[in-house]
Amino acid sequence: MSTVAIYLLTGGLLFVIGLHGLIVRRSLLRKILALNIMDSGVFMVLLSLAARSDPPDPVPQAMVLTGIVVAVSATALALVLLVIAPSRYTDEHDPNA
Amino acid sequence: MDLSLHPHWAVWCIVVPLLASGLAVLVPRWGKTVGVVGALLTLLAVGGATLHLLAHGPQRIEIGGWGAPLGIQLQLTGPALMMLWMTALVSVPITLYACDYFVTRSQQLRFWPLWLLLWATMNMLYLSADLFNLYITLELISLVAVVLVALAGPKAIRAAIRYLLMNLLGSLCFLLAVALMYGAYGMLDIKMLAEQVEATPLTGLALALMSIGLLLKSALFPLHIWLPPAHAGAPAPVSAVLSALVVKASFYLMLLLWLTLYSSLVTHGLTTLIGVLGIGAILWGSVQALRAARLKQLVAYSTVAQLGYIGLAITLIDVAAWQPVLTFMIAHACAKGAMFLAAGNFQRAAGHDRMALISTALRALPVSVFAFALAGVSLIGLPPSGGFLAKWLLLSAALDSGRWLIALALVGSGLLTALYIFRVLERAMRPGANLQPVGRVSPLMEWSAFGLGLLAILLGFAGVGITQIVAEWPV
């Protein structure tokens, strides 16, 4: 198996792990972290696609850079909402969650 | 000077609200003025883009002179123009409404920049021509929409977080699909990709990921669970924007991708699946709307149901393509916008929106009740409204292609809609004590809701124009 294929599969695996966490975990903080893992998975797929050619393809790298900016903004927004949410809404044992 | 010759009207459709948004951040006390002037100028830019399209046909603009594959391109097509019009027509009354709706200073400070930014990002989505840019616009729309939901205060935060998580999941599925498409074909431009796409398993996986992501954002049953709390919990003008416009953006994108990129992969089975989900949405949404304990919940569940029609319309894209779906989206946007604005008025006057006690507020605001009724006529699909025209187009497409079941679902679901609309209107007729208003509803708030409701009816007469523009300049 080539190096690129290993990275591609790892990226896919990270995406699935994150998806699992997002669905299964009840705590909102864990859900946000799970989304970040999914982000990393997608970025890894993009970067391994870029590495297929020599020199590496710049377009996926530019996409990852932009993607990181988007992911950071989204995470920041999610964390702010988590902080200002009334505390009972972030409780892991919220009966309505 | 011939206005249709100005080459960059489409760009102004994005730049005007974006600049206005920036100005509203810099000079917060001008927020209202900037909002209203920005809205009118954006309407003007959409008008200019229309003149350009009518005179010169579809257009490609290379931003900064950089062409594909590295540069960012915008494209103005018939369907994109219709979406720009839908956004502008609904946004102007909502902007006027918001002038009087937000009473606290902190809400005003936050609302205007975010709202104008949301408008700019929606226009950007309709005009984008490459997959990655589309991902960016999708993500921007969700982030801004989430903050707007959170404006309603502590009660809405939880709905906002749920909304954010679901939308981020949808965007990520879309982004992974974009990565797969780039990996397979080495390009992102939709038009160039459409010529290259082959029915391989990898492309199929990308199609599946994109569709799931976009259906999640469009809240098609059973992926709708995040919608009712977010749309019912947001401030009234924001509810109107979310239900009327934001959910349509992802549906439009899905339709665009299915009709261009993946036209060779979209099988009968796949569209049938969406149709079945659509019927599920109509039934589930209508039943929940009939049971809702609060007025805004009722209107939000009605959105879930009405989005089911778009699902049904997708089963007909092989025979009817864009026209019925676009007509339906525009008609629903006007009607649902009017409904949420009217519901906001009742809520403001009564201090709550509980169905059991809402009738005093309904009696006190006849203009808003009329607006709600006009919107209801369009949602039910009675002539001569925009909703009637959309259903007529869908029905004739279904009958022409011999799909009786879809035709039956279209007719039957109108009755369900009528039931929950009359559940509200009936309360306006009940006798009872006079209302002691809790909050003030200004004439502007009443008449902007009425204007949108009237628009939903008048659209029934404008349908020919929509059909022609879309048919003449498809993607």
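Look up: the structure comes first, before these words.
Residues numbered from 1 in each chain as written. Chains lettered and ligands numbered in written order. Predicted model: local features only at pLDDT ≥ 70, side-chain atom pairs only at ≥ 80, totals over all residues. Heavy atoms only, no water.

A. Local environment of the interface of chain A and chain B. Chain A puts 35 residues into the contact, and the matching count from chain B is 28 residues. Both faces combined, the contact of chain A with chain B buries some 2700 Å², and carbon together with sulfur accounts for 85% of it. Connecting chain A to chain B are zero salt bridges. Joining chain A to chain B, the criterion identifies two residue pairs in polar contact (both at pLDDT 80 or more). No other element matches helix α3 (residues 58-84) of chain A, which puts 13 residues into the side of chain A that touches chain B. Looking at the side of chain A that touches chain B residue by residue, the class counts come to 26 nonpolar, four polar and five charged. (Contact = heavy atoms within 4.5 Å. Buried area = accessible area lost by both parts, 1.4 Å probe. Salt bridge = Lys/Arg side-chain N within 4 Å of Asp/Glu carboxyl O. Polar contact = N/O pair within 3.5 Å; in protein donor to acceptor, adjacent residues only side chain to side chain. Helix = DSSP H or I, 4+ residues; strand = E, 2+ residues; numbered from the N terminus. Nonpolar A, V, L, I, M, F, W, Y, C, P; charged D, E, K, R; others polar.)

B. Region of interest: the packing of helix α2 (residues 28-50) of chain A against helix α6 (residues 154-185) of chain B. It is the contact of α2(A) with α6(B), at a shortest axis distance of 10 Å, that shows an interaxial angle of 10 degrees. Taken together, the axes of α2(A) and α6(B) lie roughly parallel to each other. Where α2(A) abuts α6(B), its residues A:Leu28, A:Lys31, A:Ile32, A:Leu35, A:Met38, A:Asp39, A:Val42, A:Phe43, A:Val45, A:Leu46 and A:Leu49 lie against B:Ile161, B:Leu165, B:Leu168, B:Leu169, B:Leu172, B:Leu175, B:Leu176, B:Ala179 and B:Gly183. The residue inventory of the contact of α2(A) with α6(B), partitioned by class, reads 17 nonpolar, one polar and two charged. (Axes fitted to C-alpha atoms, helices over the stretch in contact; angles between N-to-C directions. Parallel < 35°, antiparallel > 145°, perpendicular 65-115°, else oblique.)

C. Seen up close, the pattern of salt bridges. Residue and element names in this part refer to chain B. The final tally for this structure, using the stated rule, is five salt bridges over all chains. Two residues, Glu426 and Arg430, come together in a salt bridge whose shortest N-O distance is 2.9 Å. Of the residues examined, Glu426 reaches a relative accessible area of 37% and is grouped as partly exposed. Each member of the salt-bridge network shares a partner with another, and the members are Glu426, Arg427 and Arg430. (Buried < 20%, exposed > 50% of the residue type's maximum accessible area, 1.4 Å probe, protein only.)

D. Quick look at the layout of surface pockets. Residues and elements named next belong to chain B. Space inside the largest pocket adds up to approximately 970 Å³. The wall of the largest pocket is formed by 32 residues, among which Lys155, Ala232, Gly233, Ala234 and Gln347 lie closest to the centre. For the lining of the largest pocket, the elements supplying multiple residues, two or more each, are α6, α9 (227-233), α12 (295-314) and α14 (322-350). Top contributing element to the lining of the largest pocket by residue count: α6, with five residues. Its residues assigned to classes, the lining of the largest pocket shows 15 nonpolar, ten polar and seven charged. (1 Å grid on protein atoms, 1.4 Å probe; cavity = no way out; pocket = protein on both sides within 12 Å on 5 of 7 lines; lining within 4 Å. Points joined across faces, edges and corners; volume = space filled by probe spheres on them.)

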